[in-house]
Amino acid sequence: MRARDQSGQAMPLVLAVAAIAVVAVLGMTAVGGMRVAAGGARLAADLAALSAGRALLDALPGALVDPWGLRARLERVTRAAAAASASGSGARVVDVRLVGEGRIPMQVQVRVRRPGPMGVGVSATARAGIAVSAAAVGDGPVGWATGGGYSGPLVYRDGKPMCPAVAAAFDQMDRAIRAAGMDLVVNSGFRSDAEQAVLFARHPDPKWVAPPGRSRHRNATELDLAVNGAIHAWLVRNAGAFGFVQRYSWENWHWGYVPGCGPGQPGATAPAATGAAGGLQAWVPQRYRALVLRSATAAGVAPTLLAAVLKAESDFQAGVVSSAGAQGIAQFMPATARGMGVRDPFDPQQAIPGAARLLAAGIREFGSVPLALASYNAGGGAVRRYGGIPPYAETRAYVAKVMALAGQGGALAGPGSAVVLVRAGDLLA
């Protein structure tokens, strides 16, 4: 009787200990779940901010043509890009805010919310911005004007620099003249005072070559075009509709953009160059570096992104075959290789340009680098079916790995420009 009494008295203690253990296990599970959710929220915020930053960079040239409603248009495109990226990461966008003191915002801040354990959501915010390489040359899409009347971003047409507003207006005019069976070619665009000094020293006649410090070309609004009689006649009739005027009666090739450059201000300073877009990661094998750069530039994707994909797919091994049958350095399935025009997926000279084209196609279709990477890994059908990054552990890990290898900001940049994380994801209460 005494033993039974003692065991009965001990039962509440056993139950209490068991309850405490259960609570402890649940607590540890909840803490672990919150840590996972917090990491996911930070990553979702980073990717959404980078996608919004890329949309901002892409939209600026066209938006600058018509300054009315500029900010509202940029807000729409950045919000749409952020929402698409966040959805693919299992989050939703709470707020998107353009950041910048002047008329032209150069940064975008995104706040997202992601579900957590037991119905508790986790919010995070991140900020991305446009960084422009001062060393961008040739046909790279972005540079920075210095040493003239205009200090601001430059884009290139026919290898010649001009401000983004001029380039966008030129594109519209070029499309119009192509419909008439002719083509516009830019012979000269922005020139710094130093470049103008060289020209003036060669031909010191101010009627034909302005002295340094007085040339309109220093404002990044002037284009010297290759003209013949038919092209000049077309320009006289139509150029005004696109904002261009022939500056001097004796120079039928010199056309200036009347609305001006807008964002540039004398003395403005360029954002710091990141180096991510113009170079490659140190781990890219020397024998492939030139091919990766050339292939990425031709396809219009960041070299760092293409390099990261090849690293994640095969570690730059040209002869590997996966258990699923993916082949070569870019790990093409045979049908995908044929679709990209790659006859031999084991030949890096064919496979690397093919991988660049496949990435570019995914970015064009889905408007998001993370979604393009998910498409590369799981197929475009899966991305469309789930409306974002498919819920496959392999695919989600693949996207995170490639973005990390590419340096995240470099993954979204084109050659000569970068969209970088100004502030990585911070958790919010």
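The rules behind these values
- Residues numbered from 1 in each chain as written.
- Predicted model: local features only at pLDDT ≥ 70, side-chain atom pairs only at ≥ 80, totals over all residues.
- Heavy atoms only, no water.
- Helix = DSSP H or I, 4+ residues; strand = E, 2+ residues; numbered from the N terminus.
- Pairing = 2+ DSSP bridges.
- Axes fitted to C-alpha atoms, helices over the stretch in contact; angles between N-to-C directions.
- Contact = heavy atoms within 4.5 Å.
- Buried < 20%, exposed > 50% of the residue type's maximum accessible area, 1.4 Å probe, protein only.
- pLDDT = per-residue confidence, 0-100.
- Core = buried A, V, L, I, M, F, W, Y, C linked by side-chain atoms within 4.5 Å.
- 1 Å grid on protein atoms, 1.4 Å probe; cavity = no way out; pocket = protein on both sides within 12 Å on 5 of 7 lines; lining within 4 Å.
- Points joined across faces, edges and corners; volume = space filled by probe spheres on them.
- Nonpolar A, V, L, I, M, F, W, Y, C, P; charged D, E, K, R; others polar.
- Arc of directions from axis to C-beta.

**A few points about unusual backbone geometry**
- One non-glycine residue with positive phi stands out, namely Asp315, at about 55 degrees.
- Locating Asp315 in the fold gives a position in the loop between helix H7 (303-314) and helix H8 (334-339).

**Quick notes on the sheet that holds strand S8 (residues 222-225)**
- Within the open sheet, the 4 strands sit side by side as S7-S8-S10-S9. Their pairing is antiparallel. Looking at which strands have only one partner, the edges of the open sheet turn out to be strand S7 (186-188) and strand S9 (244-248). Each strand axis lies, on average, 50 degrees off the axis of its neighbour in the sheet, ignoring direction.
- Each of S7, S8, S9 and strand S10 (251-257) touches helix H3 (residues 164-179); the most contacted strand, S9, lies at about 105 degrees to it.
- Packing against the sheet, helix H5 (residues 229-238) makes contact with S8, S9 and S10, and its axis sits at approximately 35 degrees to S10.

**Remarks on the environment of Ala406**
- With respect to the secondary-structure elements, Ala406 resides in helix H12 (residues 393-406).
- Under the relative-accessibility criterion, Ala406 is labelled buried at 6%.
- Measuring from C-alpha to C-alpha, the distance between Ala406 and Ala302 comes to 8.9 Å, with 104 residues separating the pair along the chain.

**Considering the confidence of the model for the chain**
- Mean pLDDT over the chain: 77, with 74% of residues reaching 70 or higher.
- The element-level mean pLDDT for the chain is lowest in strand S11 (residues 417-428), coming to 60, with S8 highest at 94.
- Across residues 263-278, where pLDDT falls below 50, the model places 35 contacts with residues more than four positions away in sequence or in other chains.

**Quick notes on the nonpolar core**
- The biggest cluster of nonpolar side chains holds 67 residues, and the ones touching the most others in it are Val110, Val112, Leu306, Leu310 and Leu373.
- In terms of residue count, the dominant contributor to this core is helix H1 (residues 2-65) (11 residues).

**A word on the layout of surface pockets**
- The computed volume of the largest pocket comes to approximately 490 Å³.
- Taken together, 21 residues form the lining of the largest pocket, with Glu313, Gln331, Tyr376, Asn377 and Ala378 sitting closest to its centre.
- At the level of secondary structure, the elements contributing two or more residues to the lining of the largest pocket comprise H7, helix H9 (348-366), helix H10 (369-378) and H12.
- Considering every element that reaches the lining of the largest pocket, the biggest residue donor is H10, with 5 residues.
- Its residues assigned to classes, the lining of the largest pocket shows 11 nonpolar, 7 polar and 3 charged.

**What about the pairing of S9?**
- Note that S9 and S10 share 4 bridges and pair antiparallel. Following the sheet pairing, Gln246 is matched in S10 by Trp255.
- Here S9 hands over to S10 after 2 residues, the two strands then running antiparallel side by side.

**Overview of the environment of Leu358**
- In this fold, Leu358 is placed in helix H9.
- You can call Leu358 partly exposed: its relative accessible area is 21%.
- Here Leu358 is in contact with Phe332, Thr336, Met340 and Tyr376, once residues within four sequence places are set aside.

**Side note on H5**
- Among all positions in H5, only Ile231, His232, Trp234 and Leu235 are buried. The buried residues of H5 all sit within an arc of 160 degrees when viewed along its axis, so they share a single face. Facing away from the buried side of H5 by more than 90 degrees, the exposed set consists of Gly229, Val236 and Arg237.
- Where H5 is buried, its residues meet H3, S8, S9 and S10.

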